[in-house]
Amino acid sequence: MADVVVGKDKCGEQRLVSLPLSRIRVIMKSSPEVSSINQEALVLTAKATELFVQYLASYSYRHGSGREKKALTYSDLANTAEESETFQFLADILPKKILASKYLKMLKEEKREEDEEEENDNDDQNDDDDEAES
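Once a new chain begins, its residue numbering starts again from 1 and follows that chain's sequence as written. Local features in this predicted model are restricted to residues whose pLDDT is 70 or higher, and side-chain atom pairs enter the listing and the counts only when it is 80 or higher, whereas totals over whole chains, interfaces and linings include all residues. Side-chain measures here rest on the full set of heavy atoms in the structure, leaving out hydrogens and waters.

**So, the overall build of the protein**
A run of H or I in DSSP counts as a helix once it spans at least four residues, and a run of E counts as a strand once it spans at least two, with each numbered from the N terminus. When you go through the protein residue by residue, the secondary structure sums to five helices and two strands. Helices and strands appear in the protein in the N-to-C order β-β-α-α-α-α-α. The 134 residues of the protein split such that 15% are buried. Note on contacts: a residue pair qualifies if any of its non-hydrogen atoms lie within 4.5 Å across the two residues. Contacts spanning at least 24 positions in sequence make up 28% of the contacts within the protein whose residues lie at least 6 apart. Using a 1.4 Å probe, accessible areas were evaluated by the Shrake-Rupley method; residue-level cover was limited to the displayed protein chains. With an accessible surface of roughly 11000 Å², the protein has 51% of that area assigned to carbon and sulfur atoms. Buried means the residue's accessible area, taken with a 1.4 Å probe over protein chains only, is under 20% of the maximum for its type, while exposed means over 50%, and partly exposed covers the values in between.

Quick look at the structure:
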């Protein structure tokens, strides 16, 4: 394997990755297409996941408000997922937070728009029916 050591486990032994391999194995086995997992594939998946999370965090920190506060916030991650083409696939997983009152207001507006569309469709159908009777 690689000579790079990330940290040490509970027993003081050196580890190549810091994510728990048993959890990653459970996640990988949850896929119906996977029957067995090679140890090397497991370690590589863990390492790739760590690198991805590090890149996402550093990108969000650099491009968000984190530099000013010296902290990484959820909103920084959500903004990155929404604005960066690279991380667009995370937009559903990291949605922007909104207040419940704003969400309820959005739902009311959508319902009102749907009702207006239905009224317009009904008016159009009634006009067509009147023309057909003439």
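**Some details on the packing of aromatic side chains**
When two rings of Phe, Tyr or Trp (its six-membered ring) have centres within 6.5 Å they constitute a pair, described as stacked for plane angles under 30 degrees, edge-to-face for angles over 60, and tilted for the intermediate range. According to the stated counting rule, one finds five aromatic pairs in the structure shown. Taking the centre distance of 6.0 Å and the plane angle of 55° together, the rings of phenylalanine 52 and phenylalanine 87 count as tilted. Of the two residues, phenylalanine 52 sits in helix H2 (residues 39-63) while phenylalanine 87 sits in the loop between helix H4 (74-83) and helix H5 (100-133), which places them 35 residues apart along the sequence. In this structure phenylalanine 52 comes out as partly exposed when scored by relative accessible area, which is 32%. When the ring of phenylalanine 52 is compared with that of phenylalanine 89, the centres are 6.1 Å apart and the planes differ by 40°; the resulting orientation is tilted. With phenylalanine 52 in helix H2 and phenylalanine 89 in the loop between H4 and H5, this pair connects stretches of sequence that are 37 residues apart. Through a chain of ring-to-ring contacts, three or more aromatic side chains come together here, namely Phe52, Tyr55, Tyr59, Phe87 and Phe89. We count a charge as sitting over a ring when the NZ of a lysine or the CZ of an arginine lies within 6 Å of the ring centre and within 35 degrees of the ring normal. The aromatic ring of tyrosine 74 is capped on one face by lysine 97, whose charged end is 4.9 Å from the ring centroid.

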